[in-house]
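In case you want the letters, here they are:
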Amino acid sequence: MPDYDPEADPSHLELRFRPKEPKIHPSASLKSCKLADYVEIGPRVTLRDVEIGAFTYFEPGGEATYASIGPFCSIAPNTRINALAHPLDRVTTHKIAYRPNEYFRWRPVDQGFRDTRRTARVTIGADVWIGQNAVIMPGVTVGTGSVIGANAVVTRDVTTYTIVAGVPARVLRSRFDPSIAERLLALAWWDWPIDTLFEACPDMAALPIEAFLEKWEAQDPFASTKTK
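These numbers come from a predicted model, not from an experiment.

Observations concerning the overall build of the protein
Across its full length, the protein holds 4 helices and 17 strands. Referenced to the eigenvectors of the C-alpha coordinate spread, the extents of the protein come out at roughly 70 × 40 × 35 Å. Expressed as a percentage of its 228 residues, the buried residues of the protein come to 36%. Considering only intrachain contacts with a sequence separation of at least 6, the fraction spanning at least 24 residues in the protein is 29%. By element, 54% of the accessible surface of the protein is carried by carbon and sulfur atoms, the whole surface being about 13500 Å². Positive and negative side-chain charges in the protein, numbering 26 and 28 respectively, have mean positions lying 13 Å apart.

Now the structure itself:
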């Protein structure tokens, strides 16, 4: 198939983009969530009070509660974001101590415990890859461009463009030299308009990271959105 050439046939410009509405599998369960364009929610995913940025996808079996997740995140199967922390200082860690309404009438949910859970929100930046079966504990912030290894348990904040793994998760290395990471953060390609992303895709695949930066730092990615 020949390369797409919008200059040769501009009538097809509107066909560049697939439907932007979020794709939610019928078996997924969502409550009080906000999904941006092109988000994909796979089978058996459970989300409660979660905000998800554009192009982020959840693969099967993932769970997230009280979390803000940036755009272009890749979330592998069976991940747990803001895993429930049971109360250790009570007579029991069982949910009868904070959700007795599931067993008895006239015994309400412990609102204080729920409010504590809400304030321990997880924040995940853009372009984060979370490996299969990883667990991110309450209150953790995961920086943009980071990678969470499979089966990791993240108990502390992860800085930008850092790779962590293990139980508990520890830093393995940085994805890039600090100067490259700073340039990527300044470029913020994940905030580009859809037209620019369309044009940048081939360079994302083909160009070395420094060549990509040099090319796109010299351009105005929002030129297509400005009134002439």
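Back to the text.
Regarding a negative patch on the surface
Together, D177, E182, E210 and E214 make up a negatively charged patch on the protein surface. The topology assignment puts D177 in the loop between β17 (170-174) and α2 (178-187).

Brief notes about the pattern of salt bridges
For the structure shown, the criterion picks out 9 salt bridges. Notably, a salt bridge pairs E63 with R80, separated by 3.6 Å at the nearest N-O pair. Highlighted residues: E63 in strand β7 (residues 63-69) and R80 in strand β9 (residues 80-81), separated in sequence by 17 residues. Owing to a relative accessible area of 35%, E63 belongs among the partly exposed residues under this scheme. Between D110 and R90 there is a salt bridge, and its shortest N-O distance comes to 2.9 Å. A residue pair is termed long-range when its members are at least 10 positions apart, and D110 in the loop between β9 and α1 (111-119) and R90 in the loop between β9 and α1 qualify at 20 residues. A relative accessible area of 24% places D110 in the partly exposed class. Owing to a relative accessible area of 31%, R90 belongs among the partly exposed residues under this scheme.

About the cut-offs
- Residues numbered from 1 in each chain as written.
- Predicted model: local features only at pLDDT ≥ 70, side-chain atom pairs only at ≥ 80, totals over all residues.
- Heavy atoms only, no water.
- Helix = DSSP H or I, 4+ residues; strand = E, 2+ residues; numbered from the N terminus.
- Buried < 20%, exposed > 50% of the residue type's maximum accessible area, 1.4 Å probe, protein only.
- Contact = heavy atoms within 4.5 Å.
- Areas by Shrake-Rupley, 256 points an atom, 1.4 Å probe, with all protein chains shown as cover.
- Lys, Arg positive; Asp, Glu negative; His and termini not counted.
- Charge placed at Lys NZ, Arg CZ, Asp CG, Glu CD.
- Patch = residues over 30% accessible without salt bridge, like charges linked within 9 Å, V, L, I, M, F, W, Y side chains within 5 Å.
- Salt bridge = Lys/Arg side-chain N within 4 Å of Asp/Glu carboxyl O.

Purely geometric stuff here, so don't read any function into it on its own.
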